[in-house]
Amino acid sequence: MSSTVCPICKVETQFCGRVVHNSPPEVAGVEIDLGDTQFTMRRCPQCRLQVKVPCIPERDLIECYEKASGDHWEETPDPHKRRFDDIERVINSHAEGPMVLDIGCSNGALLGYMGQSWERFGIEPGEEAARHAQERGVEIIAPMLDDCTTEKRFDVILAIDVLEHLHDPDSFIERTRSMLNPNGIFVGLTGDAGSPSWKWHGARYWYCSLPEHQVFFERGTVDQLAQRHNMDVVHYERSSHARYKLTRGVRDAVRGLIWGLGMRMGLHKNQSSPGWLPAKDHMLFVLKAQ
Ligand SMILES: [Zn+2]
């Protein structure tokens, strides 16, 4: 049994719903054996962080990533669809220097998009992805944050689609904070469990049904982390993970609303919810070192 204590505040969390994973459960396209484990969601009464219990061991997830096909590292995501412009806008309005580190930089698409006016560094465990990032002018300094021994300090540290994978977000922020220059910024993009579509489906929300997603932030979680590590929340906005056509947005919203009604009527007991990817269910936030 995993701990039911909030990994940030160390107070006891409260049950807030049952989690149903996709069937068959997959991580990066590779099936993962979850046995007949029943997963629940628990929420911290203090910082509102939601935690999946039990947590899925990191080694099981990494095994899936290692088996995953390398093909997709070739892909260059559409910068407009993936909102690179939004991320860049937020960075430009708060950064005070050129040193940027992207944790989990994948094939370096975002740093490549940001261009050569930045001194670009990355942390990336996937060997093939890291190689592609280097071809884009990114210096890879470590495979994982835990392995990182660099003496360099950064003006901007990015964690895009990373925070939801962490068992211990508090030590992650503590570590990244120590790698920031004075007035350096931490830019995070992750799910927002306080968003309306999420609340409509609760712990059954599509974002929670992915086995690799372990912890779920709300605005209060960001405030709590900032306070604990002497940082200011200088930006917070709700966003969708990617831009979709309006027709897709309408279709998913109608389907999501009806599904949530059905759930309230006792239907869909063992089904994961349909995807609702165009929803504004992510947060983009910036913490600035004091
Ligand atoms: Zn907490």
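It should be emphasised that the depicted structure is a prediction, and the values quoted were computed from it without experimental measurement.

Caption draft 1: View of the overall build of the protein chain. Looking only at helices and strands, the protein chain features eight helices and 13 strands. For 290 residues, the compact-globule estimate of 2.2 N^0.38 gives 19 Å, and the protein chain sits close to it at 19 Å. Overall, the C-alpha framework of the protein chain stretches about 55 × 40 × 35 Å when taken along its three principal axes. For the protein chain, restricting intrachain contacts to residue pairs at least 6 apart in sequence, the fraction spanning at least 24 positions comes to 74%. As displayed, the protein chain offers around 13,500 Å² of accessible surface, 50% of which is attributable to carbon and sulfur atoms. Counting 33 positive and 41 negative side-chain charges, the protein chain places the centres of these two groups 8 Å from one another.

Caption draft 2: Structural context of empty space enclosed by the protein. Going through the model one piece at a time under the given rule, you end up with one cavity of 30 Å³ or more. The volume enclosed by the largest cavity comes to roughly 40 Å³. As for the largest cavity, its lining consists of R82, R83, D86, I87, L189, S239, S240, H241 and L284. The residue makeup of the lining of the largest cavity, split by class, is three nonpolar, three polar and three charged.

Caption draft 3: Local environment of helix α5 (residues 169–178). Every buried residue of α5 is listed here: P169, D170, F172, I173 and T176. In a view along the axis of α5, the buried residues occupy a sector of 160°, so they form one face of it. Contacts made by the buried residues of α5 are with β6 (99–103), β9 (154–160), β10 (180–191), β11 (215–216), α7 (219–228) and β12 (231–239).

Caption draft 4: Representation of unusual backbone geometry. Residue P24 is bonded to the preceding S23 through a cis peptide linkage, with omega at -10°. Inspection of the secondary structure assignment puts P24 in the loop between β1 (14–19) and β2 (26–27). For the peptide bond that leads from V53 to P54, omega is -5°, which places it in the cis range. Although it is not a glycine, A28 sits at a positive phi angle of roughly 50°. Within the fold, A28 resides in the loop between β2 and β3 (30–31). Of note in the backbone geometry, N230 takes a positive phi value of approximately 55° without being a glycine.

Caption draft 5: Seen up close, the layout of surface pockets. Taken as a whole, the second largest pocket holds about 270 Å³ of empty space. V20, H21, G35, T37 and F39 are the residues nearest the centre of the second largest pocket, which is lined by 14 residues in total.

Caption draft 6: Layout of a nonpolar patch on the surface. Together, L246, V250, V254 and I258 give the surface a local cluster of nonpolar side chains, amounting to about 410 Å² of exposed area. Tracing the sequence through the fold places V254 in helix α8 (residues 246–264).

Caption draft 7: The arrangement of the sheet that holds strand β4 (residues 39–43) in detail. Taken together, the four strands give an open sheet; going across it, the order is β1-β4-β5-β11, and neighbouring strands pair in antiparallel fashion. Each edge of the open sheet carries a strand with a single partner, namely β1 and β11. In the sheet, β1 pairs with β4 via five bridges, with the strands oriented antiparallel. Paired with Q14 across the two strands is R43, which belongs to β4.

Caption draft 8: How the structure looks around the pattern of salt bridges. Applying the stated criterion across every chain yields a total of 17 salt bridges. Here E218 and R48 are joined by a salt bridge, their closest N and O atoms 3.4 Å apart. Note that E218 is positioned in the loop between β11 and α7 and R48 in the loop between β4 and β5 (50–53), a separation of 170 residues in sequence. Among the salt bridges present, the one from K67 reaches E63, with a minimum N-O distance of 4.0 Å. With K67 and E63 both in helix α1 (residues 58–67) and four residues apart, the pair spans about one turn of that helix. Relative accessible area serves as the criterion here: at 58%, K67 is assigned to the exposed category. One salt-bridge network, in which partners are shared between bridges, spans R83, D85, D86, R89, E237 and R243.

The rules behind these values
- Residues numbered from 1 in each chain as written.
- Predicted model: local features only at pLDDT ≥ 70, side-chain atom pairs only at ≥ 80, totals over all residues.
- Heavy atoms only, no water.
- Helix = DSSP H or I, 4+ residues; strand = E, 2+ residues; numbered from the N terminus.
- Rg over C-alpha atoms; globule rule 2.2 N^0.38 Å.
- Contact = heavy atoms within 4.5 Å.
- Areas by Shrake-Rupley, 256 points an atom, 1.4 Å probe, with all protein chains shown as cover.
- Lys, Arg positive; Asp, Glu negative; His and termini not counted.
- Charge placed at Lys NZ, Arg CZ, Asp CG, Glu CD.
- 1 Å grid on protein atoms, 1.4 Å probe; cavity = no way out; pocket = protein on both sides within 12 Å on 5 of 7 lines; lining within 4 Å.
- Points joined across faces, edges and corners; volume = space filled by probe spheres on them.
- Nonpolar A, V, L, I, M, F, W, Y, C, P; charged D, E, K, R; others polar.
- Buried < 20%, exposed > 50% of the residue type's maximum accessible area, 1.4 Å probe, protein only.
- Arc of directions from axis to C-beta.
- Patch = residues over 30% accessible without salt bridge, like charges linked within 9 Å, V, L, I, M, F, W, Y side chains within 5 Å.
- Salt bridge = Lys/Arg side-chain N within 4 Å of Asp/Glu carboxyl O.
- Pairing = 2+ DSSP bridges.

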